[in-house]
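Take a look at the letters that make up each chain.
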Amino acid sequence: MSQSHRTGERPSETDCSSLFSHLAPSDKMLLLLLGIVVLHIAALVLLFVSTIVNAWTTGSTSSSDLWNNCSTTNRGYRCDLANTGVWIQAVQALMILSIIFSFISLFLFFCQLFTLQKGGRFFLTGVFQILASLFVMSGAVIYTVMSPEWVPDSEAFGWAYIMAWVAFPLALISGLIYVILRKRE
Amino acid sequence: MLTILALASVILLGIVPQQSEAIVIYTGWERHALVGSDIRLSCSFFSWRWTSDDVTFSWSYRADGARDSIFVFHYTGGSPYVDNKGPFRDRLEFVGNPGRRDGSILLKNLDYGDNGTFTCDAKNPPDIVGRASSVRLLVFEKVPIQAGVITGAIIGVVLGLLVLVVVIYYLMRFLVARRVFNLSVSKHGKKGKGKEGSQQRQVPVLSIGDPSKLKAAASEKKKQESRKDKK
């Protein structure tokens, strides 16, 4: 009769969706929100760590990254500044810009959360996050292509480099979610 | 109280000249140069004493990878003595001004073998205690771009573009809203009945802009209608 007007709980089912169907809609929204923010912050942390840590390429005696070229020779451990290239500086700039844009996107998300009208999209937040992911991608691509110029070919790519590549799809997905998401409450 | 202050000041005045007897020598940290070019290596010093007539400057050079250094320049008794036997013979020139505490030398026609460390030592009698200062010379085929210049440039340009876009957006919004507001005000000023149709068309345009302007126009419209009702 008036069952269609009821917005409360449905009868419990035996699969995973029963966990979420017990929650009220506002709780679901909160969970979704939390999930999105966690994803965003995870991408941001990955970007940050990848930019700073000295492990973009590693060899048996040396490791290098965007800022330093460190090696252990018979004279001891010494580091050279990675300033002898136009491309490495471009990679540095792109990584820093991606971090900045991701921060701006997080800030805009919280702004838009409280000021957006009902039914509106987090368009601006999504745009900034997608831009951040594009910057990471272009930085990683440039590094991949140009790295034989400043590190010997025998060295393998390190974990900070892999982190940058993982941060790219995370940031992209996070940005797309923002663009699709509509504010409901 | 006063005696303690006087005693303290006398002690301080006694201590400070002792520490300031040391001469402080300034050279650069690192110098980059192209092959075949000339470079000026500057050396100056700070001393609490007046510049004496017996001031001396000497430069020594240690090549990259070598163990000991050789002297290549000495200024004493008012005359400079440049290298005439060593690696810099006929290439070194004194361009300093000892009266102004400047002991700089000019190296001409640089080569890759000139990579190394140059040490300047200056003495200003009786101020002779001090530490010599070294400058490292690096000779390149082409001078590399300084670390961080391009990085800073790219970041600056992108952020600048962002700020520009935001400013232009807000400016456009402000201008459009103001123009529409001015238009609607001029239309409301004329009490013609035929203007009602065009007024109806004004309101949807305003709803895109500021909501406050929308309220103002709506209240104007209500006043106009109430006036017409009274007639």
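Residues numbered from 1 in each chain as written. Chains lettered and ligands numbered in written order. Predicted model: local features only at pLDDT ≥ 70, side-chain atom pairs only at ≥ 80, totals over all residues. Heavy atoms only, no water.

## Remarks on the sheet that holds strand β10 (residues 116-123) of chain B
Residue and element names in this part refer to chain B.
And then number 1: Pairing is mixed across the open sheet formed by 6 strands, whose spatial order is β2-β12-β10-β5-β6-β7. Bordering the open sheet on either side are β2 (30-34) and β7 (79-82), each of which pairs with just one other strand. Here the average twist between neighbouring strands, direction ignored, is 20°.
And then number 2: Of the strand pairs in this sheet, strand β5 (residues 56-63) and β10 are connected by 8 bridges, and their pairing is antiparallel. By the bridge assignment for β10, serine 58 is matched with aspartate 121. (Pairing = 2+ DSSP bridges. Helix = DSSP H or I, 4+ residues; strand = E, 2+ residues; numbered from the N terminus. Axes fitted to C-alpha atoms, helices over the stretch in contact; angles between N-to-C directions.)

## As for the environment of B:Gly86
Residue and element names in this part refer to chain B.
And then number 1: Inspection of the secondary structure assignment puts glycine 86 in the loop between β7 and β8 (92-94).
And then number 2: Taking the relative accessible area as the measure of exposure, glycine 86 reaches 21% and is therefore partly exposed.
And then number 3: In this structure the C-alpha to C-alpha distance between glycine 86 and phenylalanine 71, which are 15 residues apart in sequence, comes to 8.8 Å. (Buried < 20%, exposed > 50% of the residue type's maximum accessible area, 1.4 Å probe, protein only.)

## Quick look at the pairing of β7(B)
All names here are of chain B.
And then number 1: Examined bridge by bridge, strand β6 (residues 70-76) and β7 share 4 bridges and lie antiparallel to one another. Bridge pairing links phenylalanine 73 to valine 82 in β7.
And then number 2: From the end of β6 to the start of β7, which pair antiparallel, there are 2 residues, and glycine 77 there has a positive phi angle of about 55°.

## Remarks on helix α5 (residues 159-180) of chain A
Residues and elements named next belong to chain A.
And then number 1: Spanning 22 residues, α5 covers 32 Å between terminal C-alpha atoms, matching the ideal 32 Å at 1.5 Å per step.
And then number 2: Among the residues making up α5, those that are buried are Ala160, Tyr161, Ala164, Ala167, Phe168, Ala171, Ser174, Gly175 and Tyr178. Down the axis of α5, the smallest arc covering the buried residues is 155°, so these residues share one side.
And then number 3: Elements in contact with the buried residues of α5: α2 (25-52), α3 (86-115), α4 (123-146) and β5 (156-157). (Expected span 1.5 Å × (residues − 1). Arc of directions from axis to C-beta. Contact = heavy atoms within 4.5 Å.)

## Some remarks on the UniProt feature "transmembrane region" (unreviewed entry) in chain A
All names here are of chain A.
And then number 1: Listed under "transmembrane region" (unreviewed entry) in the UniProt record, and renumbered for this structure, are residues 30-56, 86-110, 122-146 and 158-181.
And then number 2: A distance of 37 Å separates the end C-alpha atoms of residues 30-56, which is 85% helix and 0% strand.
And then number 3: In this annotation, residues 122-146 is assigned 96% helix and 0% strand; the end-to-end C-alpha distance for the span is 36 Å. (UniProt positions renumbered as here; feature names shortened; annotations may be inferred.)

## Section: the interface of chain B and chain A
Buried accessible area, meaning the area lost when the parts come together, often serves as the stated size of an interface.
And then number 1: Facing 12 residues of chain B, the contacting portion of chain A comprises 13 residues.
And then number 2: Of the roughly 1,100 Å² buried at the junction of chain B and chain A (both faces included), carbon and sulfur atoms supply 80%.
And then number 3: When the area that chain B buries against chain A is broken down by residue, the three leading residues are B:Thr151, B:Ile155 and B:Leu162, summing to 37%.
And then number 4: Run the count over chain B and chain A and you get 0 salt bridges.
And then number 5: Where chain B meets chain A, there are 4 residue pairs in polar contact (both at pLDDT 80 or more).
And then number 6: Its residues assigned to classes, the side of chain B that touches chain A shows 9 nonpolar, 3 polar and no charged. (Buried area = accessible area lost by both parts, 1.4 Å probe. Salt bridge = Lys/Arg side-chain N within 4 Å of Asp/Glu carboxyl O. Polar contact = N/O pair within 3.5 Å; in protein donor to acceptor, adjacent residues only side chain to side chain. Nonpolar A, V, L, I, M, F, W, Y, C, P; charged D, E, K, R; others polar.)

## Some words on the packing of aromatic side chains
Residue and element names in this part refer to chain B.
And then number 1: Considering all chains together, one arrives at 20 aromatic pairs over all chains under this definition.
And then number 2: With 6.4 Å between their ring centres and 65° between their planes, phenylalanine 57 and tyrosine 75 make a pair best called edge-to-face. One end of the pair, phenylalanine 57, is in strand β5; the other, tyrosine 75, is in strand β6, with 18 residues separating them in the sequence. In this structure, phenylalanine 57 and tyrosine 75 share a single accessibility class: buried.
And then number 3: In textbook terms, an aromatic cluster arises when at least three aromatic residues are bridged by ring pairs, as seen for Phe45, Phe57, Phe73, Tyr75 and Phe94. (Phe/Tyr/Trp six-rings, centres within 6.5 Å; stacked < 30°, edge-to-face > 60°.)

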